[in-house]
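# Secondary and tertiary structure notes
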Amino acid sequence: MFPIRDHNPSGRIPYVTYMLMAANIMVFLSYVGLFSDPRGLNAFFVTYAAIPARLTSGDGLLTLLTSMFLHGGWMHLAGNMLFLWIFGDNVEDEMGHMPFLGFYLLTGVLAGLVHVISAPYSTVPTVGASGAIAGVMGGYLLLFPKARVDILLFLIIYVRIFPIPAWIMLMVWFAMQFIGGVGADPDTGGVAYWAHAGGFVAGLALTLPLWLIRGGFGFWRRTDGHPPHPETQYVRSNIPRVRR
């Protein structure tokens, strides 16, 4: 189950979302050549990635920011940028450009701190924008719980795209991070589940004041949880299907 787009158009050009996507891609391209040089790549990550043991000792605080723009491979980068593209424009539209930038960076830092708390003595470098993007997803859940999100479903040979309410997709995603965090050893590396879960909760908390300004539960009642504007209607393909 993989989200590919939502039906929630933004009312203005999401300059900050595009800027963040471009920054992540350009930073990745600047060191992608190091993937053929394991020693050089390790030295690069030791310098700029977030290492919990180092942060616990009070060193390398800036890496909580620099690590947010690093990725461990093409698929890591592509997945994060897809999620940012789907959910970032609408949260930016509601918050405004500069407040959204501050929100994104702050949720990323808070997500990194949650990861450090979960594994304070780990020496494994942590990279990725997913903590900050999880914060964006948390904010999206509070603002547009019933916005439709198109899901690409894979069941062996069966592939289908169908829309579901955002709250279902986002809560399933959060539950997967929480369960993964409970069952994984953060000291051994792999997916930083607690950073994802922490970023998501931080995004919810930081979006709460805006939600209350909009009217809180009254905002939800006025829109029934849907975006406060017409949703995008995607046209189905007219290409006939051939049965084998």
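Remember, it's a predicted structure, so these values are computed and weren't measured experimentally.

## Digging into the confidence of the model for the protein
- Taken as a whole, the protein shows an average pLDDT of 91; of its residues, 93% reach a score of 70 or greater.
- For the protein, strand E3 (residues 158-165) is the element with the lowest average pLDDT, namely 85, and helix H1 (residues 15-31) is the one with the highest, namely 98.
- Counted against residues more than four places away or in other chains, residues 237-244, with its pLDDT under 50, gives 0 contacts.

## Regarding unusual backbone geometry
- Positive phi values are uncommon outside glycine, yet Asp224 reaches one of about 55°.
- With a relative accessible area of 44%, Asp224 lands in the partly exposed category.

## A few points about the nonpolar core
- Judged by nonpolar contacts, the single largest core of 46 residues is most densely connected at Phe87, Tyr104, Met137, Met169 and Leu170.
- At the level of elements, H1, helix H2 (38-48), helix H5 (74-95), helix H6 (97-118), helix H7 (130-143), strand E2 (148-155), helix H8 (166-183) and helix H9 (193-214) are the ones that each hand at least two residues to this core.
- Once residues within four sequence positions are removed from consideration, Met169 is found in contact with Pro3, Phe83, Phe87, Met137, Ile151 and Ile164.
- With 5 residues, the next largest nonpolar core counts Ala50, Leu55, Val109 and Val116 among its residues.

## Focus: the sheet that holds E3
- Spatial strand order, E1-E2-E3: 3 strands in an open sheet with antiparallel pairing. Two strands close off the open sheet at either side, each with one partner strand: strand E1 (2-6) and E3. Adjacent strand axes in the sheet meet at a mean angle of 30°, parallel and antiparallel pairs treated alike.
- Both E1 and E2 contribute to a ladder of 4 bridges, which runs antiparallel. Bridging from a neighbouring strand, Pro3 pairs with Ile151 of E2.

## Regarding the pattern of salt bridges
- Counted by the stated rule, this structure contains 5 salt bridges.
- Across the salt bridge formed by Asp150 and Arg5, the nearest N and O atoms sit 2.6 Å from each other. Residue Asp150 is found in strand E2, and its partner Arg5 is found in strand E1; the two are separated by 145 residues along the sequence.
- Given a relative accessible area of 27%, Arg5 falls into the partly exposed group.

## Description of H6
- Helix length check: H6, at 22 residues, gives a terminal C-alpha distance of 32 Å against a target of 32 Å (1.5 Å per residue), a fit within 8%.
- Of the residues making up H6, those classed as buried are Phe100, Leu101, Phe103, Tyr104, Thr107, Gly108, Val109, Ala111, Gly112, His115 and Val116.
- Lining the buried residues of H6 we find H1, helix H3 (52-56), helix H4 (63-66), H5, H7 and H9.

## What about the side chain of His115?
- Looking at where His115 falls in the secondary structure, it is placed in helix H6.
- We classify His115 as buried; its relative accessible area is 8%.

## Examining the environment of Ser67
- Looking at the element boundaries, Ser67 is found in the loop between H4 and H5.
- Measuring from C-alpha to C-alpha, the distance between Ser67 and Tyr48 comes to 6.0 Å, with 19 residues separating the pair along the chain.
- There is a polar contact of 2.7 Å between the side chain of Ser67 and the backbone oxygen of Thr63.

## Focus on the side chain of His7
- Locating His7 in the fold gives a position in the loop between E1 and H1.
- Judged by relative accessible area, His7 falls into the buried class, the value being 5%.
- Among the polar contacts listed, one links the side chain of His7 to the side chain of Asp150, at a separation of 2.8 Å.

Conventions adopted
- Residues numbered from 1 in each chain as written.
- Predicted model: local features only at pLDDT ≥ 70, side-chain atom pairs only at ≥ 80, totals over all residues.
- Heavy atoms only, no water.
- pLDDT = per-residue confidence, 0-100.
- Helix = DSSP H or I, 4+ residues; strand = E, 2+ residues; numbered from the N terminus.
- Contact = heavy atoms within 4.5 Å.
- Buried < 20%, exposed > 50% of the residue type's maximum accessible area, 1.4 Å probe, protein only.
- Core = buried A, V, L, I, M, F, W, Y, C linked by side-chain atoms within 4.5 Å.
- Pairing = 2+ DSSP bridges.
- Axes fitted to C-alpha atoms, helices over the stretch in contact; angles between N-to-C directions.
- Salt bridge = Lys/Arg side-chain N within 4 Å of Asp/Glu carboxyl O.
- Expected span 1.5 Å × (residues − 1).
- Polar contact = N/O pair within 3.5 Å; in protein donor to acceptor, adjacent residues only side chain to side chain.

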